[in-house]
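Reading the structure
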Amino acid sequence: MDSLLRIKHKRMLDDLLNVCRENLRSVNEDLIRKAFQFSYECHKNDFRASGEPYFNHPYEVAMIVAKEIPLDDISVVSALLHDVVEDSDTNLEFISKEFGKDVAEIVDGVTKIGGLLKDQEITKTEDQKKAENYRKLLLSMIKDVRVILVKFADRLHNMRTLEFLSPQKQLRIAKETQEIYAPLAHRFGLGAIKWELEDLAFKYLNREAYEDLSRKINDTRKEREEFINKVIRPIEEKLKEANLTFEISGRPKHLYSIYRKMITQNLSYEQVYDKFAIRIILETEDKNQCYLVYGIVTQLYKPIPARFKDFISVPKKNNYQSLHTTVIGPEGKLVEIQIRTRKMHEIAEKGVAAHWKYKEQITTTDKELEEWVSWIRDIFENASRDEATKEILTSFKLNLYQDEIYVFTPKGELKRLPVNSTPVDFAYEIHSNIGDQCIGAKVNGKIVPLDTKLHSGDMVEIITSKNQHPNKSWLQFVQTQKARNHIRRYLNKEEEKLVEAGKELFEKKLKKHKLNYSPDDIVKLSRKLKFDNLKSFYKAIAENKVELDFILKPQEEVEQKQSIDLQFEKFADIARFTAGEVVIDGDQKGLAISFAKCCNPIPGDPIIGYVTIGEGIKIHRKNCRNLIDKLEANDDRLVPVTWPKADGSYFIAGLVIKGEDIPGILKDISNCITNYENTNIKSVNMSAEDSIFKGTITVYVKNLDHLNKLIDRLKKIHGVYSVERFDSNKH
Ligand code: MN
């Protein structure tokens, strides 16, 4: 390295260390030096689009982290190294060994966010994409909040140097910044960074409006500054007389916020911008001085009492503190004045106080997000002041969330649930009606059983049906009290109704058969039929599970049915079953119904039911080899069943595909499946030998027609020899 470069480097490193010493409580200088040197070596041969050495980028990002989002030295080190894994052959183990596990994890997180954001599916709508990205960012934040803060710094520097990229890239990056990074920075209360990101994005997304506005502001600047100075001068004098240390300035307005106001409120530039505003920041911790200053200012200018707001005694919910007032300034013009201490100001710019609560549309779920983020922010804010910085920074790794998961609605709204929650819990969390009527769920686009355990980051979509009701079996797996309560309430109500109906029916039948049962007789009968109590006896009657006519007939008539009676004793449960048309889409009409896994019937297949012991009725395809093997002569356990009307349910079907093992064929096959009617794939199993592959794929289909059309399409793929349905007859 030549000496000139060495001198330049030494200066850069010194600058960085100085900024760190100024802003951070403790600085591991050796580690920063080492990271500086290592990052330089890794990026030695790379250059940015601007032509400057690539190393300038991680260096500037580290500077931003140290200066503008002052965190800790670990974040500065991570910022220096944030691109080395992606851009050189360094791996994470090496980073972990040399710089520690935390640094390695943050670098990994920053790299991953970048990758995830690039990985956007073209088929998705803008809104979905936005929600998806947002979700991913939130998730990485759950892991270690420093990941997202380093990413903010990275994005800020990229935005500051965006002019060197192609127009297409400028647009893409600016849009992403406006839609994802700026709102997130806002939620984090990183006021200053949010404004800068927005203004930079505005510049590239709407250059004409941006330039027009800049010009107008420039043109009126002198006039405005003169007026502001006229207001400020007397205040300055009085404050100095009172021996106060302070900073006073015309409050900056940001281009994008002016522009947005003009558009949303349909105002002219003059109407938005000609509101004069100044801010007084006191270099003291004593909040009483703010009131003192207020007194001084209002002696100079007449205040408008209705416009006085004391956010110091009564801070805003997000901890924002400041005095606001409006006074009548020179020439009778109104001037807004904000008075606050340095600490209050810092919180407003870098931490807690964000104005979004009043300016952005909030939904109820945003509120939860707000609480959550503000909790993180609290740690963050206190950490930079607290003695035990290190320990608290460690708690950035939010282990506290171990017993909770975060899942998302299709619109990207966040829901917090206890660990092991299922789609049913999620559905009740949204609304009790959604819970009561949920028949299925899609998790990350795939249909799953209702008892599936959800994980943080899952996107959950609930499928409902007006005909659905809460099911007793749900109680086995739901986690939230809310879900449990709703299900129980429903079941109790239904049970009472059934018991009443059963009782009525039973009395009617007694009359019909001209029988006179005493209460004692009824109990005896119910015991004989193996019911635990009268309630369940009446319930079974109402549910048509008891063949009353048969039971109540005089004994002689029954004799020829002795064999049935024997069965009745042997399979008491099964005997209560009434054969005939079976309703397949649920188990409300008696025995549980399930589909045999050996042949996976789907609507359109000829089917038959087989009454099993203990497992209710299994539905098989009529030609199922497995079933045929099982049958005995005159087997009376077969029940005719028919398909119900289509209800939008999905069924599993298996396919065996054979073909030539050419590159990309698996991708062609899976594209072909998912592109047809959005068919979801359940599993894929592929093996290849001698350039021939054989694959087993299971898919979710609506019916036989759906499956057959899918097979036809698959057969047309170049390289595919055969596609066959996979069932018990052929494997
Ligand atoms: Mn970068």
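Please read all numbers here as calculations on a predicted model, not as lab measurements. (Residues numbered from 1 in each chain as written. Predicted model: local features only at pLDDT ≥ 70, side-chain atom pairs only at ≥ 80, totals over all residues. Heavy atoms only, no water.)

1. Digging into the overall build of the protein chain
Helix and strand counts for the protein chain come out as 30 helices and 19 strands. For the protein chain, the residues scored as buried account for 45% of the 731 residues in total. For the protein chain, long-range pairs separated by at least 24 residues make up 67% of all intrachain contacts whose partners lie at least 6 apart in sequence. (Helix = DSSP H or I, 4+ residues; strand = E, 2+ residues; numbered from the N terminus. Buried < 20%, exposed > 50% of the residue type's maximum accessible area, 1.4 Å probe, protein only. Contact = heavy atoms within 4.5 Å.)

2. Some thoughts on the coordination of the manganese ion
Looking at the manganese ion, the protein donor atoms are H57 (NE2), H82 (NE2), D83 (OD) and D154 (OD), and they sit 2.2 to 2.5 Å from it. Counting the intervening residues between successive donors of the manganese ion yields the motif H-x24-H-D-x70-D. (Donors = N, O, S within 2.8 Å, 3.2 Å for Na, K, Ca; no water.)

3. Some points on the pairing of strand 18 (residues 692-701)
Of all 10 residues in strand 18, 7 are buried; the element is thus mostly enclosed. Of the pairings in the sheet, the one linking strand 16 (residues 651-660) to strand 18 comprises 10 bridges and is antiparallel in character. Bridging across to strand 18, L655 finds its partner in I697. Where strand 17 (residues 680-689) and strand 18 come together, 9 bridges link them in antiparallel fashion. Along strand 18, the bridge assignment pairs N685 with T696. (Pairing = 2+ DSSP bridges.)

4. Considerations on helix 2 (residues 29-42)
The terminal C-alpha atoms of helix 2, which comprises 14 residues, lie 20 Å apart, in line with the 20 Å expected from a rise of 1.5 Å per residue. Inspection of helix 2 places L31, I32, A35, F36, F38, S39, Y40 and C42 among the buried residues, and these make up the whole buried set. The inward-facing, buried residues of helix 2 contact helix 1 (3-23), helix 3 (56-67), helix 4 (73-81), helix 5 (84-87) and helix 6 (92-99). (Expected span 1.5 Å × (residues − 1).)

5. So, the nonpolar core
If you look at the biggest cluster of nonpolar residues, it comprises 60 residues, and the most contacted ones within it are L16, V76, L81, F99 and F152. Ranked by the residues each element gives to this core, the list is headed by helix 9 (residues 145-160), at 8 residues. Apart from the residues within four sequence positions on either side, F99 is in contact with L31, K34, A35, F38, V77 and L81. Counting residues in hydrophobic clusters, the runner-up holds 26 residues, among them L239, L244, I312 and V335. (Core = buried A, V, L, I, M, F, W, Y, C linked by side-chain atoms within 4.5 Å.)

6. Quick word on a negative patch on the surface
Together, E496, E500, E504 and E507 line one region of the surface with negative charge. Structurally, E500 is set in helix 22 (residues 481-512). (Patch = residues over 30% accessible without salt bridge, like charges linked within 9 Å, V, L, I, M, F, W, Y side chains within 5 Å. Areas by Shrake-Rupley, 256 points an atom, 1.4 Å probe, with all protein chains shown as cover. Salt bridge = Lys/Arg side-chain N within 4 Å of Asp/Glu carboxyl O. Lys, Arg positive; Asp, Glu negative; His and termini not counted. Charge placed at Lys NZ, Arg CZ, Asp CG, Glu CD.)

7. Describing the confidence of the model for the protein chain
Residues with a pLDDT of 70 or more make up 79% of the protein chain, whose mean pLDDT is 78. Ignoring residues within four places in sequence, the model shows residues 352-366, a span with pLDDT below 50, making 34 contacts including any to other chains. Below pLDDT 50 for its whole length, residues 379-402 participates in 49 contacts with residues either more than four positions away or in separate chains. (pLDDT = per-residue confidence, 0-100.)

8. Some words on unusual backbone geometry
Positive phi is not limited to glycine here, since E331 has a value of about 60°. Notably, N420 is not glycine yet its phi reads approximately 75°, a positive angle. Checked against the element boundaries, N420 lands in the loop between strand 8 (414-418) and helix 20 (423-430).

9. Observations concerning the environment of K287
Checked against the element boundaries, K287 lands in the loop between strand 2 (276-282) and helix 15 (288-300). Along the primary structure K287 and S313 are separated by 26 residues, whereas in three dimensions their C-alpha atoms are 9.5 Å apart. In this structure K287 touches I312, T341 and M344, once residues within four positions along its chain are discounted.

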